[in-house]
Amino acid sequence: MPGFSLTNVHLSCFVASYAAALLLELFRVVLRAPARIFGTLSFTGAGVFAQTIYIALRTTPNSSHAPPLSGWFDWLLLVAWGLAIMYLILTIRRREAAYGVFMLPLVLLLIAVATLFREAEPFPRGEALYVWGMLHGAALLLGLVVALVGFILGVMYLIQSRRLKMKIRSQDGLKMPSLEWLQQAARKAQLSSSWMIGAGLLAGVMMNVLQGPDGLPWTDPVVWTSGLLLAWLIAVLKFESSRRPAQHARTVVYLTLANFVVLAAVLAAVLLAPSRHANSQTQAVGVVPSYGAAQPVGGGAL
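In every chain, residue numbers begin from 1 and rise along the written sequence. Local features in this predicted model are restricted to residues of pLDDT 70 or higher, and side-chain atom pairs are both shown and tallied only at a pLDDT of 80 or more, whereas totals for entire chains, interfaces and linings draw on every residue. Only hydrogens and water are set aside when side-chain values are computed; all heavy atoms of the structure are taken into account.

1. Remarks on the overall build of the protein
Move 1: In this text, helices come from DSSP runs of H or I with a minimum length of four residues, and strands from runs of E with a minimum of two, each type numbered from the N-terminal end. Scanning the protein from N- to C-terminus turns up 9 helices and 2 strands.
Move 2: What you see in the protein, going N to C, is helices and strands ordered as α-α-α-α-α-α-α-α-α-β-β.
Move 3: For the protein, the proportion of its 302 residues judged to be buried stands at 39%.
Move 4: Taking all contacts inside the protein whose residues are at least 6 apart in sequence as the whole, residues at least 24 apart take part in 76%. Using a 1.4 Å probe on the protein chains alone, a residue whose accessible area is under 20% of its type maximum counts as buried, one over 50% counts as exposed, and one in between counts as partly exposed. We call two residues in contact when some of their heavy atoms are within 4.5 Å.

2. With respect to the packing of helix 1 (residues 11-26) against helix 3 (residues 72-93)
For any two helices packed against each other, the geometry is given by the interaxial angle and the distance between the axes.
Move 1: Convention adopted: a line fitted to C-alpha atoms gives each axis, helices being fitted over their contacting stretch, and angles between N-to-C directions are expressed from 0 to 180 degrees. For the pair helix 1 and helix 3, the least separation of the axes is 13 Å and the interaxial angle reads 35°. Considering how the two elements wind past one another, helix 1 and helix 3 form a crossing that is left-handed. Contacts from Leu11, Phe14, Tyr18 and Glu25 in helix 1 reach Phe73, Leu77, Ala84 and Tyr87 in helix 3.
Move 2: Residue type decides the class: Asp, Glu, Lys and Arg count as charged, Ala, Val, Leu, Ile, Met, Phe, Trp, Tyr, Cys and Pro as nonpolar, and the leftover types, Gly among them, as polar. Each residue belonging to the contact of helix 1 with helix 3 can be placed in one class, and the counts come to 7 nonpolar, no polar and 1 charged. When the near helix sits turned anticlockwise from the far one by under a right angle, the crossing is termed left-handed; a clockwise turn instead gives a right-handed crossing.

3. A look at the side chain of Thr256
Move 1: Relative to the helices and strands, Thr256 resides in helix 8 (residues 249-272).
Move 2: Judged by its relative accessible area of 2%, Thr256 is buried.
Move 3: Residue contacts for Thr256: discarding those within four places in its chain leaves Gly150, Phe151, Ala186 and Gln190.

4. Observations concerning the confidence of the model for the protein
Move 1: Confidence scores labelled pLDDT are given residue by residue by the predictor and lie between 0 and 100. Across the protein, the average pLDDT comes to 75, with 73% of residues at or above 70.
Move 2: Per-element confidence in the protein is highest for helix 1, whose mean pLDDT is 92, and lowest for strand 2 (residues 293-296), whose mean pLDDT is 38.

5. Thoughts on the packing of aromatic side chains
Move 1: Two rings from Phe, Tyr or Trp (for Trp, the six-membered ring) form a pair when their centres sit within 6.5 Å of each other. Planes less than 30 degrees apart are called stacked, planes more than 60 degrees apart edge-to-face, and all others tilted. In this structure the tally under the stated criterion is 3 aromatic pairs.
Move 2: Considering the side-chain rings of Phe151 and Phe260, the 4.8 Å spacing of their centres and the 35° angle between planes classify their relative orientation as tilted. In this pair, Phe151 sits in helix 5 (residues 125-165) while Phe260 sits in helix 8, placing the two residues 109 residues apart along the sequence.
Move 3: Taking relative accessible area as the criterion, Phe260 reaches 19% and is therefore assigned buried.
Move 4: In this structure an aromatic cluster arises from ring pairing among Phe14, Tyr18 and Tyr54.

6. So, the environment of Glu96
Move 1: Looking at the secondary structure, you find Glu96 in the loop between helix 3 and helix 4 (100-116).
Move 2: Looking at Glu96, the relative accessible area reads 56%, which means it is exposed.
Move 3: Measuring from C-alpha to C-alpha, the distance between Glu96 and Arg28 comes to 9.3 Å, with 68 residues separating the pair along the chain.

7. Some points on the environment of Ala21
Move 1: For Ala21, the position within the fold is in helix 1.
Move 2: By relative accessible area, Ala21 is classed as buried at 0%.
Move 3: Taking C-alpha positions, Ala21 is 7.9 Å from Leu104, a pair spaced 83 residues apart along the chain.
Move 4: Other than its neighbours up to four places away in sequence, Ala21 contacts Thr40, Phe43, Thr44 and Leu104.

8. Some words on a nonpolar patch on the surface
Move 1: The patch calculation keeps residues exceeding 30% relative accessible area without a salt bridge and links them within 9 Å when they carry like charges or within 5 Å when they are nonpolar (Val, Leu, Ile, Met, Phe, Trp, Tyr). Note that accessible areas follow from Shrake-Rupley with a 1.4 Å probe, and for residues the cover is restricted to the protein chains shown. For salt bridges, the criterion is a side-chain nitrogen of Lys or Arg within 4 Å of an Asp or Glu carboxyl oxygen. Among the surface-exposed residues, Trp72, Leu116 and Phe117 lie close enough to one another that they form a single nonpolar patch of about 360 Å² accessible area.
Move 2: With respect to the element layout, Phe117 can be found in the loop between helix 4 and helix 5.
Move 3: A residue is classified by how much of its surface remains accessible, and Phe117, at 34% relative accessible area, is partly exposed.

9. Observations concerning the nonpolar core
Move 1: Counting residues in each nonpolar core, the largest one holds 25 residues, and the members touching the most others are Leu11, Phe14, Tyr18, Tyr54, Leu77, Val107 and Ile111.
Move 2: When contributions to this core are tallied by element, the ones reaching two or more residues are helix 1, helix 2 (34-58), helix 3 and helix 4.
Move 3: Throughout, nonpolar core names a set of buried Ala, Val, Leu, Ile, Met, Phe, Trp, Tyr and Cys residues whose side chains join them through atoms within 4.5 Å. In this structure, Trp132, Met206, Met207 and Leu210 belong to the second largest nonpolar core, which totals 9 residues.

10. Here we look at the packing of helix 1 against helix 4
Move 1: Where helix 1 meets helix 4, the closest approach of the two axes is 9 Å, and the angle between their N-to-C directions is 155°. By the criterion of interaxial angle, the relationship of helix 1 to helix 4 is roughly antiparallel. At the point where helix 1 passes helix 4, the crossing takes the left-handed sense. Side by side, helix 1 and helix 4 meet where Leu11, Phe14, Val15, Tyr18, Ala19, Ala21, Leu22, Glu25 and Leu26 of the first sit next to Gly100, Val101, Leu104, Pro105, Val107, Leu108, Ile111 and Thr115 of the second.
Move 2: Of the residues assigned to the contact of helix 1 with helix 4, the class counts are 14 nonpolar, 2 polar and 1 charged. Roughly parallel covers angles under 35 degrees, roughly antiparallel covers those over 145, roughly perpendicular covers 65 to 115, and oblique covers all other angles.

11. A few points about helix 1
Move 1: End to end, helix 1 covers 23 Å across 16 residues, agreeing with the expected 22 Å (1.5 Å per residue, within 8%).
Move 2: Residues Leu11, Phe14, Ser17, Tyr18, Ala20, Ala21, Leu22, Leu24 and Glu25 constitute the buried set of helix 1.
Move 3: Buried-residue contacts for helix 1 involve helix 2, helix 3 and helix 4. For a helix, the expected span equals 1.5 Å multiplied by the number of residues minus one.

12. Here we look at the environment of Arg95
Move 1: Turning to its location among the elements, Arg95 is positioned in the loop between helix 3 and helix 4.
Move 2: Once the C-alpha coordinates of Arg95 and Ile37 are considered, the two residues, 58 residues apart in sequence, prove to be 7.2 Å apart.
Move 3: For Arg95, the contacting residues outside a window of four places in its chain are Arg28, Ile37 and Leu41.

In structure tokens, the structure reads:
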């Protein structure tokens, strides 16, 4: 289209794409041709792409406007965006399942509810920083704990596997869960920790955008090591979605162990590398919302 650019993406672009994908999903009973699946994935992918551009444009900081992604309109759009991505991943993995019949209506409903808050007063910058900071810290903390649990389960799997090869009976030593249970639990822990840490990293990006010139420079060691960690997590999730757990049980366990090692290495880099991260986090977390105003709490570094 002449004169079209990515800055011309509007709400109606991805709403129409999701609606078309839903329509094709509803016709899955009478239309089983491969073209329907291709059309569903194409419309959903186009909707996710358009919504990503739309959200990205709203993250551009401007001192004369409200803080980016700091109101109910933006938050509901983010929830709808995340749900649409989950639907796309699930459909690519299992195309015969009717995920869209249940998930796409909820995506459209969330967007519709978001439009009701389009003109609502956004959160003050202090509140927005506080909320994103809490999400950032809580998600990373939970993700690290779950990754540690997965690491322990992986070690137990390797010990139990070795015991079985050596034909050591359970009553002759420590009792262990079955290999199947340990493998499945380790996999669930790995996937859960990856999603949690990924969400925490993205919340950190939002915090940095909100802080504008006062935020971390994108060349800061913490920023690029976090980027490497995010790339690793995406690769792990891609690997998991492309293989069946029963066919690579031991590989899943090794990947769970490697996941924790990578997290520990990144955490060490964050703690030891010369960075403004500590001071920046102190400023962000040291602000709490109070009746729409930002009030400083305490002082000094955390």
